[in-house]
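Read off the chains here:
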Amino acid sequence: MNKLYEGKSKICYSTESKNELQIFFKNDVTAFNSLKKATYESKGVLTAKISNIIFKYLKNNGINTHLIKVLDDQNVLVKKLEMFRIEIIIRNIAAGSIVKRLGIEQATVFERPIFEICYKNDEFSDPLINDDHCVVLGLSSQEQLNEIKKITHKINKLLLDLFKKVDIKVVDFKIELGLDADNNICLGDEISPDTCRFWDKNNRKLDKDCFREDLEDITAIYLIILEKLESLNI
Ligand code: ADP
Ligand code: TMP
Ligand code: ASP
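Residues numbered from 1 in each chain as written. Chains lettered and ligands numbered in written order. Predicted model: local features only at pLDDT ≥ 70, side-chain atom pairs only at ≥ 80, totals over all residues. Heavy atoms only, no water.

- As named in an unreviewed UniProt entry, the protein chain is Phosphoribosylaminoimidazole-succinocarboxamide synthase, taken from Spiroplasma gladiatoris.

Things to note about the sheet that holds strand β7 (residues 75-79)
Inference 1: Strand order across the open sheet formed by 5 strands is β1-β2-β3-β7-β6, with antiparallel pairing between neighbours. The open sheet has two free edges, formed respectively by β1 (3-6) and β6 (67-72), since each of these has just one partner strand. Between one strand and the next, the sheet's axes are offset by a mean angle of 25°, whatever the strand orientation.
Inference 2: Packed onto the sheet, helix α1 (residues 43-60) meets β3 (20-25), β6 and β7 and runs at close to 150° relative to β6. (Pairing = 2+ DSSP bridges. Helix = DSSP H or I, 4+ residues; strand = E, 2+ residues; numbered from the N terminus. Axes fitted to C-alpha atoms, helices over the stretch in contact; angles between N-to-C directions. Contact = heavy atoms within 4.5 Å.)

Focus: the packing of aromatic side chains
Inference 1: Under the criterion given, the structure shown has 2 aromatic pairs.
Inference 2: Ring centres of Phe163 and Phe198 lie 4.5 Å apart, and the angle between their planes is 25°; this geometry places the pair in the stacked category. Remark: Phe198 occurs in strand β14 (residues 196-199) and Phe163 occurs in helix α4 (residues 142-164); sequence separation between them is 35 residues. In terms of burial, Phe163 and Phe198 fall into one category: buried.
Inference 3: The residue whose ring lies beneath Lys36 is Phe211, and the NZ or CZ to ring-centre distance is 4.9 Å. (Phe/Tyr/Trp six-rings, centres within 6.5 Å; stacked < 30°, edge-to-face > 60°. Buried < 20%, exposed > 50% of the residue type's maximum accessible area, 1.4 Å probe, protein only. Lys NZ or Arg CZ within 6 Å of the ring centre and 35° of its normal.)

Examining the pairing of strand β2 (residues 10-14)
Inference 1: Of all 5 residues that make up β2, 5 are buried, and the element is covered over most of its length.
Inference 2: Neither face of β2 is open: one carries Lys10, Cys12 and Ser14, the other Ile11 and Tyr13, and all of them are buried.
Inference 3: In this structure, β1 lies alongside β2, joined through 3 bridges in antiparallel fashion. In the sheet register, Tyr5 faces β2, and the bridge partner there is Cys12.
Inference 4: Hairpin geometry of β1 and β2 is characterised by an intervening segment of 3 residues between the two adjacent antiparallel strands.
Inference 5: As paired strands, β2 and β3 are joined by 5 bridges and run antiparallel to one another. When the bridges of β3 are listed, Lys10 appears paired with Phe25.

Observations concerning the site of ligand 2
Inference 1: The immediate surroundings of ligand 2 are formed by 13 residues, with Arg91, Ser97, Asp172, Lys174 and Arg197 found nearest.
Inference 2: At 2.8 Å, a side-chain N or O of Arg91 approaches an oxygen atom of ligand 2.
Inference 3: A distance of 2.9 Å separates an oxygen atom of ligand 2 from a polar side-chain atom of Arg197.
Inference 4: Here ligand 2 has 450 Å² of accessible area as a free molecule, and 77% of this is covered by the chains.
Inference 5: Of all the secondary structure elements, the ones that give two or more residues to the shell around ligand 2 are β9 (86-93), β12 (169-179) and β14. (Near = heavy atom within 4 Å. Polar contact = N/O pair within 3.5 Å; in protein donor to acceptor, adjacent residues only side chain to side chain. Areas by Shrake-Rupley, 256 points an atom, 1.4 Å probe, with all protein chains shown as cover.)

Rendered as structure tokens:
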């Protein structure tokens with residue numbers, strides 16, 4: 001196995017098949033474009049297990065995802081995608097950067113989900129862009145973006161339904177998509193408390209904000225999310 005890429009929280013390895021990758025979920029956690037870093041034993045297992053449950057659920061509900069097979073607690077076999085160099089964010093409730101950027105009060109529930117695109121570029125701290133930037137910078141076509149919007153709103157509805165069953169609010173989340181070998185848009189990367197904001201009914205934070213804001217031990221917090229999802233037996 002050859003290491004193709006090591007990111008902040010995962011490592012991608014090549015496999016015998018040119019259309020497949022092995023992804024390892026690291027124990028590292030970073031925030032603020034790596035200004036803050038730490039390592040927690042079992043963190044990779046927690047994010048991998050949570051993401052795998054969510055990806056299987058999305059697949060069973062008609063979303064094209066990269067997940068082929070769970071190899072072990074920290075490794076998955078996935079379709080190798082040609083990733084769009086964009087991060088897609090959906091916000092249902094105000095938190096994080098939108099609070100600072102637009103002066104909206106935290107916890108304001110939006111009358112409709114807000115769809116955002118960020119240019120995936122650490123050098124420029126993943127800036128917010130719009131459809132025109134995306135097309136002009138060659139990050140995707142308008143048709144692909146329209147399709148990405150449709151898929152992302154569908155994922156949002158599915159996540160809201162899923163987490164409602166365990167009394168958790170999906171405040172916002174980030175996803176990454178790419179093109180598979182058949183040129184279809186496919187959900188890649190991960191969906192976990194590293195890439196989402198989850199609040200319980202009392203607005204207790206159950207995600208990476210616990211690390212960003214030094215609130216609680218993230219492994220204990222991520223375990224709460226995992227146990228709730230496991231209790232659903234999906
Ligand atoms: P980062 O690059 O932001 O530090 P990670 O540590 O999560 O992020 O690294 C995982 C990398 O693998 C990301 O750049 C992501 O876009 C990429 N990736 C995720 N899923 C796939 C896939 N199925 N095919 C190809 N690349 C992928
Ligand atoms: P933000 O409020 O900081 O812009 O984050 C919006 C959502 O995106 C939140 O659920 C956290 C997630 N996110 C990532 O997954 N990776 C990132 O690099 C950033 C900045 C946010
Ligand atoms: N993922 C980014 C980083 O690692 C930012 C964040 O999630 O807060 O630095």
